[in-house]
Amino acid sequence: MENLQAYIDQHKARFIQELIDLLKIPSVSANSAYSQDVLRTAAAVKDALLSAGCEVVEICETPGYPIVYGEKNIDPKLPTILVYGHYDVQPADPLDLWDSPPFSPLIKKTSLHPEGAIFARGASDDKGQMFMHVKALEFMTENEQLPCNVKFMIEGEEEIGSESLAWFVKQNQEKLSNDIVLISDTGMISNTQPSITTGLRGMSYVEVEVTGPNRDLHSGLYGGAVANPINILSKMIASLHDKDNHITIPGFYDKVQSLSATERNEMAKAPFSLDAYKQALDIKAVYGENGFSTCERTSIRPTLDVNGIWGGYTGEGAKTVIPSKAFAKISMRLVPNQNWEEITTLFQEHFNNIAPKAVRVKVTAHHGGQAYVTPTEHIAYQAANKAYTDTFGVQPLPQRSGGSIPIVSLFEKELSSKTILMGFGLDSDAIHSPNEHFGIFNFLKGIETIPLFYKYFNKMILEKQS
Ligand code: BES
Ligand code: MN
Ligand code: MN
């Protein structure tokens, strides 16, 4: 595209500064103490979209945090791209593990990022990646090279389950109609080997409560005779995997789509070093379901993990007590064809079944969503493929990710839209962890690659129509 690299070169210092300003606002959706900051971030995104060339930008109220919606229409006969992203971020804790404060963005060089990376909560997930789209739009409108219509829908509840967005999408099917949904909220293999995410796992998130006696008891007077909810919960959780690390919930695997040997061989060709993986995590061995490789375990296979567990006395010193209650948060990552609501029910039934009479259990469902797979023969995949090949000089590889963006399957159901996942993050970005960062190289490459996707997608659709 004409002037693309020159424009980025000329304006990159400003692009980075604008992103830094956005990262300074702590838009933590999970914690209501930050609600004013979340709202301020929505307003900042609105301003950014307006100055990038959107004609109308609305802050759409929802039962939860608002959705920022913007449009730039050039011709109803041309295709429409719907860009989705999120302006909320994960909580920054544990704060003491950050080398610099999470909401005071700092540029530092690292071995993987000799050109520097921006360290801040949300740098990669997803403010930095979402903002690439805003700047790509700015380039296209400023240089009169926007080839098709574009809609932006940026939400503030992705990290807590996108409930309000689901509500919004169901009510606004017409308004949101599009030819493709475009999202940068995933990663790629490396800065020299790009990849396009072709799959996301689904999710079922539950919370369990195990109740024993009606109050905390002296563990000497009652110990040995009354069920300790923490002991029981631990046993129940341990029984959810067998010796092969298969999940023991009856029916859990019934609908799991299995891959052919050819597909598995194809997957195994993607560059991956188990040694480097172990080294990066400081572990002596990996651990997971027998019969599957590490890459398969984190993409095409479902999982069950405890995300948090609590109960009893955890303060300083020792307190001898049998607690009345024990709790755990458990998430299951799901794969294509597993239905998240069905899995939630299977979990609920099983957990009740395995509970001994001495306790009562309560399972509460949080949020969930279906897995998603992008067909690589789709025009949008081909267009993305060409765009990455142009900007990286190497062809991107298709790769299924282990992460989840539950709303993507809803776009398919409610809007009949396919989604293309053009992520520019790296696994080492430490998203959701202390010291999250996003490479300057990645940020600028994204801004460069996105307009080319617009160009090729528009061209390929028009060719197909004629
Ligand atoms: N951007 C991530 C998802 C992601 C990251 C997918 C990297 C693939 C590669 C998103 O913000 C996220 O964190 N999703 C949550 C799910 C949500 C329901 C809380 C997740 O995957 O845990
Ligand atoms: Mn994200
Ligand atoms: Mn996230």
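Scroll up to find the structure.
Residues numbered from 1 in each chain as written. Chains lettered and ligands numbered in written order. Predicted model: local features only at pLDDT ≥ 70, side-chain atom pairs only at ≥ 80, totals over all residues. Heavy atoms only, no water.

S.K.: Help me get a handle on the overall build of the protein, residues and values and all.
M.R.: Of regular secondary structure, the protein possesses 12 helices and 18 strands. Scaling as 2.2 N^0.38, a compact globule of 466 residues should have a C-alpha radius of gyration of about 23 Å, and the protein matches this with 24 Å. Its C-alpha atoms give the protein principal-axis dimensions of about 80 × 50 × 45 Å. Split into buried and exposed, the 466 residues of the protein put 54% on the buried side. Put simply, of all contacts in the protein between residues at least 6 apart along the chain, 79% involve residues at least 24 apart. Here the protein holds 41 positive side-chain charges and 55 negative ones, and the gap between their average locations is 4 Å. (Helix = DSSP H or I, 4+ residues; strand = E, 2+ residues; numbered from the N terminus. Rg over C-alpha atoms; globule rule 2.2 N^0.38 Å. Buried < 20%, exposed > 50% of the residue type's maximum accessible area, 1.4 Å probe, protein only. Contact = heavy atoms within 4.5 Å. Lys, Arg positive; Asp, Glu negative; His and termini not counted. Charge placed at Lys NZ, Arg CZ, Asp CG, Glu CD.)

S.K.: Break down the environment of Val208 for me, citing the residues and quoting the values.
M.R.: Here Val208 lies in strand E9 (residues 202–211). Overall, Val208 belongs to the buried group, its relative accessible area being 1%. For the pair Val208 and Ala326, spaced 118 residues apart in sequence, the C-alpha separation works out to 8.3 Å. Apart from residues no more than four positions distant in its own chain, Val208 is found in contact with Leu233, Ala326, Phe327, Ala328, Ile330, Phe347, Phe351, Lys362 and Val363.

S.K.: Requested: an account of the site of ligand 1, with residues and values cited.
M.R.: As a matter of local geometry, ligand 1 sits amid 16 residues, with Glu158, Asp185, Arg333, Ser404 and His432 nearest to it. Between ligand 1 and the protein, one listed contact pairs a nitrogen atom with a side-chain N or O atom of Asp185 at 2.8 Å. The contact in question runs from an oxygen atom of ligand 1 to an N or O atom on the side chain of Arg333, over 2.7 Å. Protein chains shield 88% of the accessible area of ligand 1, which is 520 Å² for the free molecule. The residue inventory of the shell around ligand 1, partitioned by class, reads four nonpolar, seven polar and five charged. Counting contributing residues, the shell around ligand 1 receives three or more from each of domain 1 (4–200 + 371–465) and domain 2 (202–256 + 302–369). (Near = heavy atom within 4 Å. Polar contact = N/O pair within 3.5 Å; in protein donor to acceptor, adjacent residues only side chain to side chain. Areas by Shrake-Rupley, 256 points an atom, 1.4 Å probe, with all protein chains shown as cover. Nonpolar A, V, L, I, M, F, W, Y, C, P; charged D, E, K, R; others polar. Domains from an automatic or database assignment.)

S.K.: A description of the environment of Leu39 should follow, citing residues and the corresponding values.
M.R.: For Leu39, the location among the structural elements is in helix H2 (residues 35–52). A sequence separation of 368 residues divides Leu39 from Ile407, and the C-alpha atoms of the two residues are 21 Å apart. Residue contacts for Leu39: discarding those within four places in its chain leaves Tyr65 and Pro66.

S.K.: Which residues make up the coordination of the manganese ion (ligand 2), and what are the values?
M.R.: Protein-derived ligands of the manganese ion (ligand 2) are His86 (NE2), Asp125 (OD), Asp185 (OD) and Asp185 (OD), with the metal-ligand distances lying across 2.0 to 2.4 Å. What the six donor atoms of the manganese ion (ligand 2) show is an angle range of 56 to 166 degrees at the metal, which sorts the shape as irregular. As a motif over one chain, the donors of the manganese ion (ligand 2) read H-x38-D-x59-D. The two metals, the manganese ion (ligand 2) and the manganese ion (ligand 3), are separated by 3.6 Å and share Asp125 as a common coordinating residue. Of the two residues, Asp125 is situated in the loop between strand E5 (117–119) and helix H3 (127–142) and Asp185 in the loop between strand E7 (180–183) and strand E8 (195–200); the sequence distance between them amounts to 60 residues. The pair Asp125 / Asp185 is uniform in exposure class, with both members buried. (Donors = N, O, S within 2.8 Å, 3.2 Å for Na, K, Ca; no water. Tetrahedral: all angles 85-135°; square planar, octahedral: opposite > 155°, others 65-115°.)

S.K.: If you had to explain the nonpolar core to someone new, which residues and values would you point to?
M.R.: Within the largest apolar cluster, 66 residues are counted, with the highest numbers of intra-cluster contacts made by Ile420, Phe443, Phe453 and Tyr454. When residues of this core are traced back to their parent elements, those giving at least two are helix H1 (4–23), H2, strand E3 (80–86), H3, strand E6 (149–155), E7, helix H10 (379–392) and helix H12 (440–465). Element by element, the count of residues in this core is highest for H12, at 11 residues. Every residue in contact with Tyr454, bar those within four places of it in the chain, is listed here: Ile81, Val83, Met140, Leu146, Pro147, Cys148, Val150 and Leu182. Counting 26 residues, the second largest nonpolar core, distinct from the first, contains Val206, Leu233, Ile249 and Leu304. (Core = buried A, V, L, I, M, F, W, Y, C linked by side-chain atoms within 4.5 Å.)

S.K.: Tell me about the coordination of the manganese ion (ligand 3), and name the residues and values.
M.R.: Here the manganese ion (ligand 3) is held by the protein donor atoms Asp125 (OD), Glu159 (OE), Glu159 (OE) and His432 (NE2), which lie 2.1 to 2.5 Å from it. For the manganese ion (ligand 3), the six donor atoms are set out with angles of 56 to 153 degrees between them, so the coordination reads as irregular. All donor residues of the manganese ion (ligand 3) come from one chain, and their arrangement in sequence is D-x33-E-x272-H.

Just distances and angles here, no functional claims.
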